Each structure stands twice: as C-alpha cells, then as structure tokens.
Amino acid sequence: MFKAVQFAYGIFTTSIMIGSVRLFFFYIFALAVLSLSIQTTASAQTTSGKDFWLGFMYNDSGIHNPIELTVYMSSPEKTSGTVSIPALGWKQDFATEPGKGAVVHIPSDIGMARLSEAIEPKAIHVESQDTIACFALNYSAQTSDASVILPSKALGREYRVMAYSANVFPSECMIVP
C-alpha cells in the first residue's frame, strides 16, 4: 500500500512539475510577444526631427550662482537651423557637422519662466534644415535639470502629469503651446 501511495504521489508531483514548466514557458512566450509589441510601438517614436518646442522652468534665483540655459543640437549630417523665442523676437542661428554638435546659450532673463500659474511668452522653438537631436540643460550650482526634447511630430494631445504631495515646494509642470 505504501508503494502505491509513493507511486501516486510521484505522478502527482510530476504532473504539477510539468504544469509548472508549461506555465513557465507560457509566461516566457507571453513576455516575448509583449516585448516585441513594445519595441514595435517604441520604434515608431523617435527623438530626432526638424521642429522642436521647449521651455525652461524656474530653477534657482541665480543670486549667488549664475543660471545657464543651454540647448544642444547634434546630427549625423551637416545642417543648420535656428533657436528662437518667437514671442520676444530673440533668435540665434546654429550649425552642426558630423561628430560636432552645436550649443546655443539662452539668456536666463528672457528664457526662463519664473511665474507660477501664469502664461509667459517664453516658448523656445528649434528649427533645422535636416534631422537633428535636441537636448536642454538648465544649470545652476546647487540644482540642474536636463532633458531630451521630443520633436513636434512625436508629441500627442493628451498627457498625464505625475506629481508629488507638496511639502515645502509644490509640484510643477509646464505646457509649451
């Protein structure tokens, strides 16, 4: 009788193991299919383009340390373009070459939004003749912010803002029209 129980237990554990192995391979298969669909979706978006919009949020008062607002452009091809603040009439041309990026410094008094819950005419527009990648840096000695700027064609119309509870400083978001 004991041998019959051992035999039944062996069949039971083997079937559980086979079921677990099947379940494991099902999860691996599902994960592979999911990752392929995510890669397909992600590859449809790109960080390269010819038209970009960005803005710089308030970072630091700049009383003791200067604030540097910088836009970086890079391209595998030789190209040129313009960084501008259309509402204020400010602009600066740039040129890139393969292996050499371009840097444009924006005066913080006209390029950084300083108000809260208000509209300011400080949207920055980057246009280029050929495809570029665009990055932004808002630098101060105690605090810095950097970002990859998505091209206009990659932007949608609906967004969610993820924020934290306000302790000392409230969460912020910027909308660049």
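Conventions we followed
Residues numbered from 1 in each chain as written. Predicted model: local features only at pLDDT ≥ 70, side-chain atom pairs only at ≥ 80, totals over all residues. Heavy atoms only, no water. Pairing = 2+ DSSP bridges. Helix = DSSP H or I, 4+ residues; strand = E, 2+ residues; numbered from the N terminus. Salt bridge = Lys/Arg side-chain N within 4 Å of Asp/Glu carboxyl O. Buried < 20%, exposed > 50% of the residue type's maximum accessible area, 1.4 Å probe, protein only. Contact = heavy atoms within 4.5 Å.

A. Representation of the pairing of strand β7 (residues 144–149) within the structure. Inspection of the sheet shows strand β6 (residues 124–139) paired to β7 by 6 bridges, in the antiparallel sense. Bridge pairing links N138 to D145 in β7. Counting the residues between successive antiparallel strands, the hairpin from β6 to β7 contains 4 residues.

B. Highlighting the pattern of salt bridges. Inspection of every chain in the model, using the stated rule, returns 1 salt bridge. Between K122 and E120 there is a salt bridge whose closest N-O contact spans 3.7 Å. Accessibility expressed as a relative area gives 15% for K122, which makes it buried.

C. Here's a closer look at the pairing of strand β2 (residues 68–74). As defined by bridge partners, β2 adjoins β6 across 7 bridges and the pair is classed as antiparallel. If you follow V71 over to β6, its bridge partner there is A136.

D. Just the environment of L69, in detail. Mapped onto the fold, L69 is located in strand β2. Separated by 76 residues in the primary sequence, L69 and D145 have C-alpha atoms spaced 9.7 Å apart. Non-local contacts of L69, meaning those with residues more than four positions away in its chain, are made with F56, V104, H105, I106, P107, S108, G111, M112, L137 and N138.

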